[in-house]
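Chain by chain, the residues run as shown.
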2 protein chains.
Amino acid sequence: MYNALFAHINRFIDLSTDEQDILASLLKSSSYKKKAYLHEAGETCRANYFVVKGCLRLYFIDIKGAEQTTQFAIENWWISDLTSFLFQKTSDFYIQAAEATDVIVIEHHHYDEIFEKLPRLEKYFRLIFQKLHQASQIRIKYLYSQTAEERYTNFNTLFPEFVQRIPQYMLASYLGFTPEFLSKIRARK
Amino acid sequence: MYNALFAHINRFIDLSTDEQDILASLLKSSSYKKKAYLHEAGETCRANYFVVKGCLRLYFIDIKGAEQTTQFAIENWWISDLTSFLFQKTSDFYIQAAEATDVIVIEHHHYDEIFEKLPRLEKYFRLIFQKLHQASQIRIKYLYSQTAEERYTNFNTLFPEFVQRIPQYMLASYLGFTPEFLSKIRARK
DNA sequence: CGGTCTCTTGACGGAGTTCAAAGCTAGTGG
DNA sequence: CCACTAGCTTTGAACTCCGTCAAGAGACCG
């Protein structure tokens, strides 16, 4: 049931079967259909999500009413609105299934408990957040150095299979431009 | 000597004097004049830096030859080119002192050792990277939802004292536009 | 097959860039 | 402590990348 997560954790630290059992008692798993919401703006983000299979996206609605996708999570990535999750404040973000998605869930009221009972998971999550921060540094660099067309071409070369999986309007906002403009870029080839 | 860091760590976890001594043996401290480089593009980033006093910035030179500042670090923040630091690969970034700056340094060859000898620091760095990732989420949201002028006005309201500390051309690139345009925004008031 | 998303296309407009030149400021050495 | 200089900021005109709006064509799901 939680094997995908255990396998992922074991890439970084060795977790005994006892520890796995304790962890299992603090997790939930859940499945969402395409377009289902795991979390909606206006609510408090109750959980941190690990994607077993499928794809989630984090987005908000800007002042003009347009959806802005700020993050994707595919297999073996964690996703949450951290500000809302950590401080249990009202969120501006939505978390939605971009495909039919299976997740493993840590709810907020178990988050601290996990680290109390399984202090060795501190290392695992230190490495996870380290990697997320590293990914953000790279992302910001691309945003600051490339034109819209270059970001699209570059993303397409780096993640050709992922581009096939999601609608173009999600990709357009993730790359920082409009769906119309993406359409025009594609027409130029 | 390392008191600023110990104080910061103690906000999150309790570190015994013994542990402080072990940690001290793995740290260095250092001071840089304004404009001095802690790390330059083309080299491998050898350290993770904690700012005791002053201000550092992380930037790269884009294809047109313009400096793009992607991150600042002031008192009690950590900064590094993580991709280069973690994998000891050649870096595209510079780390420069925006003011005269005192830092505490963890060099790469001690980074893993710190966690082996002081596993409780895993929690501290888990929380540090969690916070950095949370800051990135907020930053990306601002970049995707506001015009250049709004980002400037907003940043100015949130961090008025910080804006005084740095040259405008650094702030302009951090906010994602040119120094000329920043100047025009300011003229409009 | 009907309706609702999603993608495309084109005309127009505007936010922000580029380039160049001049004005200002702050650090440095004499 | 002043003068010089290099670096930073301002200004303006021309330009361009990308957004906006609107209308139509496809695609997908029930």
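Everything numeric in this text was worked out from a predicted model, so none of it was measured.

Calculation criteria
- Residues numbered from 1 in each chain as written.
- Chains lettered and ligands numbered in written order.
- Predicted model: local features only at pLDDT ≥ 70, side-chain atom pairs only at ≥ 80, totals over all residues.
- Heavy atoms only, no water.
- Contact = heavy atoms within 4.5 Å.
- Buried area = accessible area lost by both parts, 1.4 Å probe.
- Salt bridge = Lys/Arg side-chain N within 4 Å of Asp/Glu carboxyl O.
- Polar contact = N/O pair within 3.5 Å; in protein donor to acceptor, adjacent residues only side chain to side chain.
- Helix = DSSP H or I, 4+ residues; strand = E, 2+ residues; numbered from the N terminus.
- Near = heavy atom within 4 Å.
- Nonpolar A, V, L, I, M, F, W, Y, C, P; charged D, E, K, R; others polar.

### So, the interface of chain A and chain B
Here is step 1: Contacts between chain A and chain B engage 39 residues on the former and 39 residues on the latter.
Here is step 2: When the area that chain A buries against chain B is broken down by residue, the three leading residues are Arg126(A), His133(A) and Tyr144(A), summing to 22%.
Here is step 3: Summed over the shared surface of chain A and chain B, the result is six salt bridges.
Here is step 4: Notably, a salt bridge pairs Lys141(B) with Asp92(A), separated by 3.0 Å at the nearest N-O pair.
Here is step 5: At the junction of chain A and chain B, the tally comes to 20 residue pairs in polar contact (both at pLDDT 80 or more).
Here is step 6: When contributions to the side of chain A that touches chain B are tallied by element, the ones reaching two or more residues are strand E4 (56-61), strand E5 (67-73), helix H3 (82-87), helix H4 (108-117), helix H5 (121-145) and helix H8 (168-175) of chain A.

### Overview of the protein's contact with DNA strand C
Here is step 1: In the region of DNA strand C, 18 residues are neighbours, and Lys35(A), Gln168(A), Ser183(A), Lys64(B) and Ala148(B) sit closest.
Here is step 2: Counting only atoms of DNA strand C within 4 Å of the protein, the sugar-phosphate share comes to 66%.
Here is step 3: Side-chain polar atom of Lys35(A) to a phosphate oxygen of DNA strand C: 3.1 Å apart, as the coordinates give it.
Here is step 4: Between Thr178(B) and DNA strand C, the recorded distance is 3.1 Å, taken from a side-chain N or O atom to a phosphate oxygen.
Here is step 5: The set of elements that each furnish at least two residues to the surface near DNA strand C consists of H8 and helix H9 (179-187) of chain A together with helix H9 (179-187) of chain B.
Here is step 6: Top contributing element to the surface near DNA strand C by residue count: H9(A), with five residues.
Here is step 7: Considering only residue class, the surface near DNA strand C consists of six nonpolar, four polar and eight charged.

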